[in-house]
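Remarks on the overall topology
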Amino acid sequence: MDNMRRAICFETPDYIPMNFVINPSCWEAYPQDAIFELMESHPLLFPGFRRPAGRYVPEYPLVARKGADFTDDFGCVWRTTVDGITGTVVRHPLEDWEAFASYRGPDPAVCMGIGPVDWEVERARVEAEKAAGGLSAGALRHGHTFLQLCDLRGYENLMYDFQDEDPRIFQLIELVEAFNMEIVRRYLDMGVDRMGYAEDLGMQVGPMLSPAHFRTYIKPVYQRLMRPAKERGVIVHMHSDGDIRLLADDLIEGGVQVINLQDLVNGIDWIAARFAGRICVDLDIDRQLVTAKGTPEQIDALIREEVSKIGGKRGGLMMTYGWYPGVPLENARAVMDAMETYALFYS
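Attention here is on the structure that accompanies the text. (Residues numbered from 1 in each chain as written. Predicted model: local features only at pLDDT ≥ 70, side-chain atom pairs only at ≥ 80, totals over all residues. Heavy atoms only, no water.)

Let's talk about the side chain of arginine 141
When you line up the elements, arginine 141 lands in the loop between strand S5 (137-139) and helix H5 (146-153). At a separation of 3.1 Å, a polar atom in the side chain of arginine 141 contacts the main-chain carbonyl oxygen of histidine 144. Excluding residues that lie within four positions of it along the chain, arginine 141 makes contacts with Phe74, Met112, Gly113, Ile114, Gln148, Val176, Phe179, Asn180, Ile183 and Ala198. (Helix = DSSP H or I, 4+ residues; strand = E, 2+ residues; numbered from the N terminus. Polar contact = N/O pair within 3.5 Å; in protein donor to acceptor, adjacent residues only side chain to side chain. Contact = heavy atoms within 4.5 Å.)

Right, dumping it as structure tokens:
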């Protein structure tokens, strides 16, 4: 929508774009009527919402279905114990380099790497988003490069590959990048307005790989994947969970225009000092401490502080919250209340 574009481009939006995401697992963890009531009472977050006539049955992603392992398009085997919560890879197809000689990557004409895709359906979706006046979006699957390499080789093996400068890792990176580039090209040919590059790089403290290894193996790939979008004037959106402070400058140099990062693990003051007024921040509101274990008053204070320090009348701030089981209903309501209240608040 035009308001989101103006927020991203520092062109004085009418309000701060707010995105409240309900994880599918919530529909089994809480009374559905309670969730419906929350959605109905927060029209800014859920515009036009109408509760279904009967019980809502969420559709779980292929990597978030318990009871049966899922093998993705790259041959990685996923397992989860909770419907709706993305699992972990329990079998890596290239754990032994001996398997690489006969390995063949997936075909982007028929899949996204994490499941099948119908590109005509995707084209129709993009056209519908444009017709509705929204910012049409394309995206690589979450974990498209670094995490894909982890899934293929296993994290520990990959770290040794980076350190040893194993020539085969460069070949594997080329294979993964070629697959991703074709997906980027297809979305850009559809005329999307923004392109998403979601990839978790951080741990609770520090990144999962050294800045030196990031600059050698991953950053050049990011730059090549993002360059076609930037050349067409498409907004480049990058998401990463965890502490990414040591990689932030490299990400921005790589072409990121909107950075979606977590608040407390990176530090509100650090985020404000590094990005406020320069790069649009899509701030991921804490899910570990304050909203999960704090009071509604503390939740309100947190979101007010974040808007006060990072936001401004010119724009440059969006906010995202992911609701997962374990957060009390009253806290979920407090997050919704604060997001709607401070969407119109400027320091």
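Okay, back to it.
Remarks on the sheet that holds strand S3 (residues 77-79)
Sheet architecture is open: three strands sit in the order S2-S3-S4, paired in antiparallel fashion. Taken across any chain shown, the strands that pair with only one partner, and hence form the sheet edges, are strand S2 (70-71) and strand S4 (88-91). Where S3 and S4 come together, three bridges link them in antiparallel fashion. Paired with arginine 79 across the two strands is threonine 88, which belongs to S4. (Pairing = 2+ DSSP bridges.)

With respect to the sheet that holds strand S6 (residues 194-198)
Taken in spatial order, the seven strands make up an open sheet running S1-S10-S9-S8-S7-S6-S5, and their pairing is parallel. Among the strands making up the open sheet, the edge pair consists of strand S1 (18-22) and S5. Averaged over neighbouring strand pairs, the angle between their axes works out to 20° when direction is ignored. As paired strands, S5 and S6 are joined by three bridges and run parallel to one another. Looking across to S6, one finds that alanine 137 is bridged to arginine 194. Together, S1 and strand S10 (317-323) form the strand contacts of helix H14 (residues 329-342), whose direction differs from that of S1 by roughly 160°. (Axes fitted to C-alpha atoms, helices over the stretch in contact; angles between N-to-C directions.)

Regarding the pairing of strand S8 (residues 258-262)
Within S8, five of the five residues are buried, which leaves the element mostly enclosed by the surrounding structure. Of the two faces of S8, the one holding Val258, Asn260 and Gln262 and the one holding Ile259 and Leu261 are both buried throughout. Taken together, the four bridges between strand S7 (residues 235-240) and S8 define a ladder with parallel strand orientation. Residue histidine 237 lies in a different strand from S8, and its bridge partner there is valine 258. In terms of handedness, the path from S7 via helix H9 (residues 248-253) over to S8 forms a crossover that is right-handed. Examined bridge by bridge, S8 and strand S9 (residues 280-284) share five bridges and lie parallel to one another. Each residue of the ladder has a partner; that of asparagine 260, found in S9, is aspartate 282. (Buried < 20%, exposed > 50% of the residue type's maximum accessible area, 1.4 Å probe, protein only. Right-handed = clockwise from strand over helix to strand, strands pointing away.)

A look at the packing of helix H3 (residues 32-40) against H14
Contact geometry for H3 and H14: axes closest at 11 Å, N-to-C directions at 15°. In terms of orientation, H3 and H14 fall into the roughly parallel class. Of the two possible hands of crossing, H3 and H14 adopt the one that is right-handed. Every residue of H14 that contacts H3 at Ala34, Glu37 and Leu38 is listed here: Leu329, Ala332, Arg333 and Met336. Residues that form the contact of H3 with H14 fall into these classes: five nonpolar, no polar and two charged. (Parallel < 35°, antiparallel > 145°, perpendicular 65-115°, else oblique. Left-handed = near helix turned anticlockwise from the far one by under 90°. Nonpolar A, V, L, I, M, F, W, Y, C, P; charged D, E, K, R; others polar.)

Concerning unusual backbone geometry
Positive phi is not limited to glycine here, since phenylalanine 10 has a value of about 60°. Of note, phenylalanine 10 is situated in the loop between helix H1 (2-8) and S1. By relative accessible area, phenylalanine 10 is classed as buried at 14%.

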